[in-house]
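A structural walkthrough
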Amino acid sequence: MTTQLDAAVLDRVEGVLLGAACGDALGVPYEFGSAPLGASEAPRMIGGGLGPYDPGEWSDDTQMAVVIARVAAARGLTDGTALDDIVDGWVEWLEGGASDVGMQTRAILRSVAAGRGTPGSAGRALAAGHELHRRTGKTAGNGSLMRTAPVALAFLDDPASLTLHARDVSDLTHPDPVAGDACVLWCHAVRFGVVEGAMPDLADLVVELPAERRDQWAAWVAEADTQPPAAFAPNGYVVRAFQAAWSAVRHPAAEGTPLVASLTSAVHAGDDTDTVAAIAGALLGACWGAASVPESWLADVHGWPGLRADGLRDLARRVVERR
Ligand SMILES: [Mg+2]
């Protein structure tokens, strides 16, 4: 099966990266309560946050996603050295462009950097992740889910490979199987959105997960179907971030188009606002397309490595055109 890249599909392809980046930049000012946000107030891309960031600037969520997308556009994600390239790109980012970095990701990338010169960055990342997991038992932060969407673009026509590679890319920094599950499920949702131009029913997609965890994930999805995003704060745990993002899709704010109203709702989840909104934004952009992103957001959104909206559009297209 080959998806025809007509204008509508390409709009949704671009929407994946633009939706995520705009969600990120919209959530940045309010991360961990950095700026106040009234209950009925619409969030704005005013910058600040943990960086501090310029108005419209995206954060680590989009920065790390861009690294994945660049590798996918240049050579695809189907072999082990692609994973090395991704890890090398993240190490370069950590040393040269990172504005803020999650603790777990930082620990692993520092460990990889310390071993530079020997082959196999991905192997070193995996080893560092397993060591961290052995020591702490906690490697299921939201840091792999926040950056996962470009993987879906690389496998639009190959759902079986998407299941494998979404997990492989997650595992590079987040070895807990639940973090990999979240990435697999969200990537399939994004892929469905791009291909079908409609919002999937997430409960239908749990078949992509290992059989022993499908019921658990269906229950987590059902919880998010019925409760507002704020019910899932704190949302640093990948499952809570996933639920907050899906809840924002299912419980849009009163004002705005579906994409705007759900991103508003995502930021009102509180806590890790940019990450929840970046996760939600990728899926919303996949379903409703770049054309649904407000012009003012497109004009303002920007960030490392010196990209603006047009640069993200081009990058997203190059990933799908390379397939
Ligand atoms: Mg961030």
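The sections below set out a description of the structure shown in this document.

About the cut-offs
- Residues numbered from 1 in each chain as written.
- Predicted model: local features only at pLDDT ≥ 70, side-chain atom pairs only at ≥ 80, totals over all residues.
- Heavy atoms only, no water.
- Donors = N, O, S within 2.8 Å, 3.2 Å for Na, K, Ca; no water.
- Helix = DSSP H or I, 4+ residues; strand = E, 2+ residues; numbered from the N terminus.
- Buried < 20%, exposed > 50% of the residue type's maximum accessible area, 1.4 Å probe, protein only.
- Expected span 1.5 Å × (residues − 1).
- Contact = heavy atoms within 4.5 Å.
- Phe/Tyr/Trp six-rings, centres within 6.5 Å; stacked < 30°, edge-to-face > 60°.

**Considerations on the coordination of the magnesium ion**
At the metal site, the magnesium ion is ligated by Ser59 (OG), Asp60 (OD), Asp61 (OD) and Asp274 (OD), and these contacts range over 2.0 to 2.4 Å. Counting residues between consecutive donors of the magnesium ion along the chain gives the motif S-D-D-x212-D. Highlighted residues: Asp60 in helix H2 (residues 60-75) and Asp274 in helix H13 (residues 273-288), separated in sequence by 214 residues. Comparing Asp60 with Asp274 shows no difference in burial state: the two are buried.

**Side note on helix H3 (residues 80-96)**
Taking 1.5 Å per residue as the helical rise, H3 with its 17 residues ought to reach 24 Å, and the 25 Å between its terminal C-alpha atoms agrees with that figure. Within H3 the residues assigned to the buried category are Ala82, Leu83, Asp84, Ile86, Val87, Gly89, Trp90, Val91, Trp93 and Leu94.

**Here we look at the side chain of Ser247**
Tracing the chain through its elements places Ser247 in helix H11 (residues 238-250). Look past the residues within four positions of Ser247 in its chain and what remains in contact with it is Ala224, Gln227, Pro228, Pro229 and Phe232.

**Some points on the packing of aromatic side chains**
Two descriptors summarise a pair of aromatic rings, namely the distance from one centre to the other and the angle between the planes of the rings. The full count for this structure, using the stated rule, is four aromatic pairs. Considering the side-chain rings of Trp186 and Phe242, the 5.1 Å spacing of their centres and the 75 degrees angle between planes classify their relative orientation as edge-to-face. You can see Trp186 sitting in helix H8 (residues 177-196) and its partner Phe242 sitting in helix H11, a full 56 residues away along the chain. Both residues of the pair, Trp186 and Phe242, count as buried. Three or more aromatic residues joined by ring pairs form one cluster here, namely Trp186, Trp217, Trp220, Phe242 and Trp246.

**Some points on the environment of His268**
As for its position among the elements, His268 is in the loop between helix H12 (258-267) and H13. Classification of His268 by relative accessible area gives partly exposed; the value is 25%. Along the primary structure His268 and Ala39 are separated by 229 residues, whereas in three dimensions their C-alpha atoms are 7.6 Å apart. The residues contacting His268, other than those within four sequence positions of it, are Leu37, Gly38, Ala39, Glu41, Pro43 and Ala230.

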